[in-house]
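A closer look at the structure
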Amino acid sequence: QRRVTWGQTTENSTSKMSFGANSDFGKGAQFVFGGTAACIASAATHPVDLIKVRMQLQGELNTTAPSNGAAPAKKVSSFGAAANIARQEGFKGLYKGLTASLLRQACYSSTRFGLYAPIKDAMSSSSETVFPTYKKFAAGMTAGGLGAFVGCPGDVVMVRMQADGRLPVEQRRNYRHVFDGLRRIVSEEGAATLWRGSRPTVLRAMLTTSAQLGTYDEVKIQLLASGYFKDGMPAHFCSSMTAGFLATVVSSPVDVVKTRIMNMKDGGMKYTSAFDCFVKTVKLEGPLGLYKGFWPNFFRLGPHTIVMLMAYEQIQKAATHVKRTYFSTNVSH
């Protein structure tokens, strides 16, 4: 029975062709295809990501209570947060930090997409007829962790730009764009600050990437093997949504910790480490505090995963068509 895994187009079930494998391009092309697809997905879902960050910072260490003794601000829903941002900061407020998000994806996702297939190849064995599911998750974790470390500076700037609107005007950083943010962080806080929160960032990326790529790969195989699905949009949609939901469940607690640590200011350090942030959040806000912003996170990761994978497949398909049509040595003139 024919089985098609993510990125496979012509191989059968005995093939070990890795995700993104394409006979027309080397594995290096996957850095470009994956990074470009992720940037498209990130631009499409950025407003939801911004709402998620604002909600994750809601009620942090009870710092939302005004100093004048008034009652603390009420917690708002995802829709309420979106309405407040649009009302107070305008429509453009929903796209704060977009340049940082694009730089992050260009570094983070290009690395994880580009390394996923080589890592799978390195882990494969000649005795295996089917690549084991646990190795797909392991390959995703490794590729995601390496990508997150590379993309951490862009992540730090993105979180700060997204969180700026919730601060009093006099406390805002007001980075004009990602490169202004990088320059100011290095000059004002030191280059090491660009990797603040790198541990939870790497852990989150390992969990997210293994859930996204590993789950998508396996669910798609099972759907196609069932005979009810063909290798098209319905199968891609179901696989992507399953992968996005699982990625949200496993990564949300680490994502909350990552966001809060990256948003800290020198001179006002609220946490001594990621573990300290984890403990204080649970102690003061309860276990559900680690799942603040869960639904906007899911409504970002689900569509983000779908758009990213659809864009990836279309970019690879278009590039293959162009190469075969205009650059093939077999084309007669």
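To keep things clear, this report deals only with the structure shown in the data block. Computed from a predicted structure; not experimentally measured.

Thresholds, definitions, all that
- Residues numbered from 1 in each chain as written.
- Predicted model: local features only at pLDDT ≥ 70, side-chain atom pairs only at ≥ 80, totals over all residues.
- Heavy atoms only, no water.
- Helix = DSSP H or I, 4+ residues; strand = E, 2+ residues; numbered from the N terminus.
- Buried < 20%, exposed > 50% of the residue type's maximum accessible area, 1.4 Å probe, protein only.
- Areas by Shrake-Rupley, 256 points an atom, 1.4 Å probe, with all protein chains shown as cover.
- 1 Å grid on protein atoms, 1.4 Å probe; cavity = no way out; pocket = protein on both sides within 12 Å on 5 of 7 lines; lining within 4 Å.
- Points joined across faces, edges and corners; volume = space filled by probe spheres on them.
- Expected span 1.5 Å × (residues − 1).
- Core = buried A, V, L, I, M, F, W, Y, C linked by side-chain atoms within 4.5 Å.
- Contact = heavy atoms within 4.5 Å.
- Phe/Tyr/Trp six-rings, centres within 6.5 Å; stacked < 30°, edge-to-face > 60°.
- Lys NZ or Arg CZ within 6 Å of the ring centre and 35° of its normal.
- Salt bridge = Lys/Arg side-chain N within 4 Å of Asp/Glu carboxyl O.

Describing the overall build of the protein
Helix and strand content of the protein: nine helices and zero strands. Element order for the protein, N to C, with α for helix and β for strand: α-α-α-α-α-α-α-α-α. Taking all 333 residues of the protein together, 51% fall into the buried category. Split by element, the accessible area of the protein, about 15,500 Å² in all, is 64% carbon and sulfur.

Brief notes about empty space enclosed by the protein
The method is simple in principle: a probe with the dimensions of a water molecule rolls over the atoms, and the space it marks as empty is what remains. A full pass over the atoms with the stated rule returns four cavities of 30 Å³ or more. What lines the second largest cavity is simply Arg104, Gln105, Tyr108, Arg112, Arg204, Thr208, Gln212, Arg300, Leu301 and His304. Of all elements in the fold, only α3 (98-123), α6 (198-226) and α9 (294-327) reach the threshold of two or more residues within the lining of the second largest cavity. Here the element with the most residues in the lining of the second largest cavity is α3; it accounts for four residues.

A short note on α6
A rise of 1.5 Å per residue sets the reference length of α6, with its 29 residues, at 42 Å; its end C-alpha atoms lie 41 Å apart and thus fit the reference within 8%. α6 sits mainly inside the fold: 22 of its 29 residues count as buried. Within two residues after α6, glycine 227 carries a phi angle of roughly 90°, on the positive side.

As for the nonpolar core
Here is a general trend for soluble globular proteins: nonpolar side chains tend to be buried in one another's company. Membership of the largest hydrophobic core comes to 13 residues, with the highest contact counts inside it found for Ala100, Val157 and Ile185. Sorting the residues of this core by element identifies α4 (133-163) and α5 (178-189) as the ones contributing at least two each. Among the elements that line this core, the one with the most residues is α4, at six residues. The contact partners of isoleucine 185, leaving out residues within four places of it in the chain, are Val156, Val157, Arg160, Tyr175, Gly190, Thr193 and Leu194.

Focus: the packing of aromatic side chains
Inspection of the entire model under this criterion finds eight aromatic pairs. With a centroid separation of 5.4 Å and 85° between ring planes, the pair formed by phenylalanine 245 and phenylalanine 298 is classed as edge-to-face. Of this pair, phenylalanine 245 sits in helix α7 (residues 233-262) while phenylalanine 298 sits in helix α9, and the two are 53 residues apart along the sequence. Judged by its relative accessible area of 39%, phenylalanine 245 is partly exposed. Judged by its relative accessible area of 10%, phenylalanine 298 falls in the buried class. Seen from their ring centres, tyrosine 291 and phenylalanine 294 are 6.0 Å apart, and the 55° between their planes marks the pair as tilted. Looking at phenylalanine 294, the relative accessible area reads 13%, which means it is buried. Taken together, the aromatic side chains of Phe245, Tyr291, Phe294, Trp295 and Phe298 make up a single cluster linked through ring pairs. Stacked on the ring of phenylalanine 131, the Lys or Arg lysine 120 has its end atom at 5.1 Å from the ring centre.

Looking at the pattern of salt bridges
Applying the stated criterion across every chain, the model contains 18 salt bridges. The salt bridge partner of glutamate 188 is arginine 184, with a shortest N-O separation of 3.1 Å. A residue pair is termed a helical-turn pair when its members lie 3 or 4 positions apart in one helix, as glutamate 188 and arginine 184 do in helix α5 at four residues. Residues aspartate 255 and arginine 204 are paired through a salt bridge, measuring 2.8 Å at the closest nitrogen-oxygen approach. Of the two residues, aspartate 255 sits in helix α7 while arginine 204 sits in helix α6, which places them 51 residues apart along the sequence. When salt bridges with common partners are traced through the structure, they connect Asp49, Lys52, Arg104, Asp155, Arg204, Asp255 and Lys258 into a single cluster.

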